[in-house]
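Residues per chain, in single letters:
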Protein chains: 2
Amino acid sequence: MKTAEKGLLLVLSAPSGGGKGTVLKELFAQDENLRLSVSATTRAPRPGEVHGEQYYFISREEFEKMIESGGMLEHAQYVGNYYGTPKAPVEKWLDEGRDVVLEIEVQGGQQIKKLCPDCVSVFLLPPSMEVLEKRLRGRGTEEDAVVQKRLGAAREEIPHAQEYDYIVYNDRLEDAVADVQAILRAEKRKYSRNRDCIERVLENAETQ
Amino acid sequence: MKTAEKGLLLVLSAPSGGGKGTVLKELFAQDENLRLSVSATTRAPRPGEVHGEQYYFISREEFEKMIESGGMLEHAQYVGNYYGTPKAPVEKWLDEGRDVVLEIEVQGGQQIKKLCPDCVSVFLLPPSMEVLEKRLRGRGTEEDAVVQKRLGAAREEIPHAQEYDYIVYNDRLEDAVADVQAILRAEKRKYSRNRDCIERVLENAETQ
């Protein structure tokens, strides 16, 4: 009955320090069918970040060439740098029936929803601004001025939560992970994604 | 963050023999927050059925009095009998933050969606008509003519699946139960049910 169909495109956004990385790590540890779309960016790698893992770190020139040739599913500028989603691997995985996670900036999320009305969008909210600030400082890689700048950006990003399908509070990690898993599972059961179900069940009756 | 809010109303429908009872039994075994709205009916109890458990078995006169006084959330006629949902217990549980399951006939489901646009509706589909027929015969309480009548009704009911939010195949019990649990969990994370989330997170920032 449940044939392998096209995968689900999950757009995940959060303000900086919202803990997207931690939630995703746990999601991928638990779900073999999930693929992560690695974004491209023009920003400099942080200590420990590896090209092709957290991001493809490319130059402004390379990035702009990809935009021009239609190779980016979406792109945005954020704190002076480009961020974007290379199109080819996403389409390949979806066709293979994999679910694909796009971890993108809030601006990118708005573009994605227009490009791909079928996707499922999740906004990961910190339980409070206080927790968000602690997480940003705890990362230890940012100067105070950068933390302030990111907090300011977060205050502007959080109201965009209303443009997303689902809100997940990133309070307890295991709850946030289970919420995202439930969203993926439930979305696959939506009638709008199973329009052939009636025909399938009834046709079987004729062929007996 | 996640305060106890009004519960979720889950409308569950399936053709006769669709295995609603088995799925519900397992759901209730796993979720203490769930309450079952016991329906009222004018049909005769089957062997083993207890008044107040599977149904409130009441007379046609009593049933019609409840309709007239507005005490039924919905009601329908099916194979010559009334089925309906007494309103008072449902509203009480939802206010207490319990999720309430309404296990109702397909006709009832259409009415409920009009009465309560906030509810979540799930149509439990048998994997095939063949399996449905086996389940109906396996029950062992029905004559062949009754099985044929119920199969005919099922063929008319199944196309109504398109009026429901979610389709769950009742193939493997544990999958069907996990699907319904995921639907409940995901629905609670919908932005439309969390419109105060932005305010909550940002207000916290002002009060530090």
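Throughout, a residue's number is its position along its own chain's written sequence, starting from 1. By the order in which they are written, chains take letters starting at A while ligands take numbers starting at 1. Predicted model: local features are reported for residues with pLDDT of at least 70 only, side-chain atom pairs are reported and counted for 80 or more only, and whole-chain, interface and lining totals are derived from all residues.

Student: In this structure, what is going on with the relation of the copies chain B and chain A? I would like to understand it.
Tutor: The relation between the two chain copies is a rotation about an axis coupled with a shift along that axis. Our superposition of the copies is a least-squares fit, built on the C-alpha atoms of residues whose pLDDT is at least 70 in both. For the pair chain B and chain A, the relating rotation is 180°, the translation along its axis is 0.0 Å, and the fit reaches an RMSD of 0.0 Å. Look at the turn and shift together and you get a two-fold axis relating the two. When C-alpha distances to the rotation axis are compared across chain B, the minimum falls at A182(B), with a value of 2.2 Å. Most of the interface of chain B is mirrored in chain A, where 100% of its interface residues are also at the interface. We call two residues in contact whenever the C-beta atoms placed from their backbones are within 7 Å.

Student: Would you mind showing me how to read the nonpolar core here?
Tutor: Generally speaking, nonpolar side chains in soluble globular proteins are found buried as a group. Nonpolar cores are built from buried Ala, Val, Leu, Ile, Met, Phe, Trp, Tyr and Cys residues. These are joined into a set through C-beta atoms within 7 Å. Three exposure classes are used, all based on how many other C-beta atoms lie within 10 Å of a residue's own C-beta (placed from the backbone): buried at 20 or more, exposed at 12 or fewer, and partly exposed between those limits. Counting 94 residues, the largest nonpolar core has L10(A), V122(A), L10(B) and V122(B) as its most contacted members. Setting aside anything within four residues of it in sequence, one finds V122(B) in contact with L10(B), V11(B), L12(B), Y164(B), D165(B), Y166(B), V168(B), V180(B) and I183(B).

Student: Is there a simple way to think about the pairing of strand β1 (residues 9-13) of chain B in this case?
Tutor: Working note: regular strand, side chains alternate between the two faces of the sheet. All names here are of chain B. Most of β1 is tucked away, with five of its five residues classed as buried. Secondary structure elements are taken from DSSP: a helix is a run of H or I of four residues or more, a strand is a run of E of two residues or more, and numbering for both begins at the N terminus. Neither face of β1 is open: one carries L9, V11 and S13, the other L10 and L12, and all of them are buried. Two strands are said to pair when DSSP picks up at least two bridges between them. Two strands pair when backbone bridges link them, and β1 and strand β8 (residues 120-125) are joined in this way by four bridges, in the parallel orientation. Paired with L10 across the two strands is V120, which belongs to β8.

Student: What am I meant to see in the packing of helix α1 (residues 20-30) of chain A against helix α7 (residues 173-188) of chain A here?
Tutor: When two helices pack together, their arrangement is given by the angle between the helix axes and by the axis-to-axis distance. Residues and elements named next belong to chain A. Running from N to C, α1 and α7 cross one another at 60°; their axes reach a closest spacing of 9 Å. The chirality of how α1 crosses α7 is right-handed. On α7, the residues touching T22, V23, E26 and L27 of α1 are L173, A176, V177 and V180. Think of each axis as a best-fit line through the C-alpha atoms, taken over the contacting stretch in the case of a helix, with angles from 0 to 180 degrees between the N-to-C directions. Left-handed is the label given to a crossing in which the near helix is rotated counterclockwise from the far helix by less than a right angle, and right-handed is the label when the rotation is clockwise.

Student: So what exactly am I meant to see when it comes to unusual backbone geometry here?
Tutor: Phi is mostly negative for residues that are not glycine, and the peptide bonds are mostly trans. Residue and element names in this part refer to chain A. The phi torsion at V79 lies on the positive side, around 45°, for a residue other than glycine. For V79, the location among the structural elements is in the loop between β5 (72-78) and β6 (81-86). Judged by the 12 C-beta atoms lying within 10 Å of it, V79 falls in the exposed class.

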